[in-house]
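# Understanding the architecture of this molecule
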Amino acid sequence: GATTDEDFDEEEEVKHMMAGQEEEELQFNISEVLGALLKTHGEAYLPVFGNTWLPRLVDMGHPNCLLADRKLASYILCDVLEYCGESTATLLPHIMPALFAACDSDEPSLRQ
């Protein structure tokens, strides 16, 4: 049978919600994996991190990005500082602007 526009809209809305949930789960998994790599390998992982993830996370931490992206970036960048310590000195000019922007945000979940 034929479907109405209303049925189509409901189906699209469900698909959109499911895609959003999958995106959130993927972001959570990425943050867990990167956190584990940073925790277990520390500064030895920094060259790989700096070349692959840092540019993306800096972009995601920009104030014009989605809140979920900004939170993910802040969470991972804090892990970098926590687990790699002084060896992050050369990355600080890239990391700190995103973290300062998060601290200055009106959004409480970014400031925590």
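Report on the accompanying structure.

With that settled, the discussion passes to the packing of aromatic side chains. On inspection of all chains with the given rule, the structure shows 1 aromatic pair. Note on Y45 and F49: the rings are 6.4 Å apart at their centroids and 55 degrees apart in plane angle, and the pair reads as tilted. For F49, a relative accessible area of 0% translates into the label buried.

A few words now on the environment of K71. Relative to the helices and strands, K71 resides in helix α4 (residues 67-84). On a C-alpha basis, the gap between K71 and P55 in space is 16 Å, while along the polypeptide they are 16 residues apart. When sequence neighbours within four positions are dropped, the list of residues in contact with K71 reads S109 and L110.

Let us now look at a negative patch on the surface. Together, D9, E10, E11 and E13 line one region of the surface with negative charge. Structurally, D9 is set in helix α1 (residues 5-41). For D9, a relative accessible area of 48% corresponds to the partly exposed category.

In this structure, the largest pocket spans a volume of roughly 430 Å³. Lining the largest pocket are 18 residues, and of these K71, L72, S74, Y75 and S109 sit closest to its centre. Elements with a contribution of two residues or more to the lining of the largest pocket: α1, α4, α5 (92-103) and α6 (108-111). Here the lining of the largest pocket gets 7 residues from one element, more than from any other, and that element is α4. Residue composition of the lining of the largest pocket, grouped by class: 9 nonpolar, 5 polar and 4 charged.

What counts as what
Residues numbered from 1 in each chain as written. Predicted model: local features only at pLDDT ≥ 70, side-chain atom pairs only at ≥ 80, totals over all residues. Heavy atoms only, no water. Phe/Tyr/Trp six-rings, centres within 6.5 Å; stacked < 30°, edge-to-face > 60°. Buried < 20%, exposed > 50% of the residue type's maximum accessible area, 1.4 Å probe, protein only. Helix = DSSP H or I, 4+ residues; strand = E, 2+ residues; numbered from the N terminus. Contact = heavy atoms within 4.5 Å. Patch = residues over 30% accessible without salt bridge, like charges linked within 9 Å, V, L, I, M, F, W, Y side chains within 5 Å. Areas by Shrake-Rupley, 256 points an atom, 1.4 Å probe, with all protein chains shown as cover. Salt bridge = Lys/Arg side-chain N within 4 Å of Asp/Glu carboxyl O. Lys, Arg positive; Asp, Glu negative; His and termini not counted. Charge placed at Lys NZ, Arg CZ, Asp CG, Glu CD. 1 Å grid on protein atoms, 1.4 Å probe; cavity = no way out; pocket = protein on both sides within 12 Å on 5 of 7 lines; lining within 4 Å. Points joined across faces, edges and corners; volume = space filled by probe spheres on them. Nonpolar A, V, L, I, M, F, W, Y, C, P; charged D, E, K, R; others polar.

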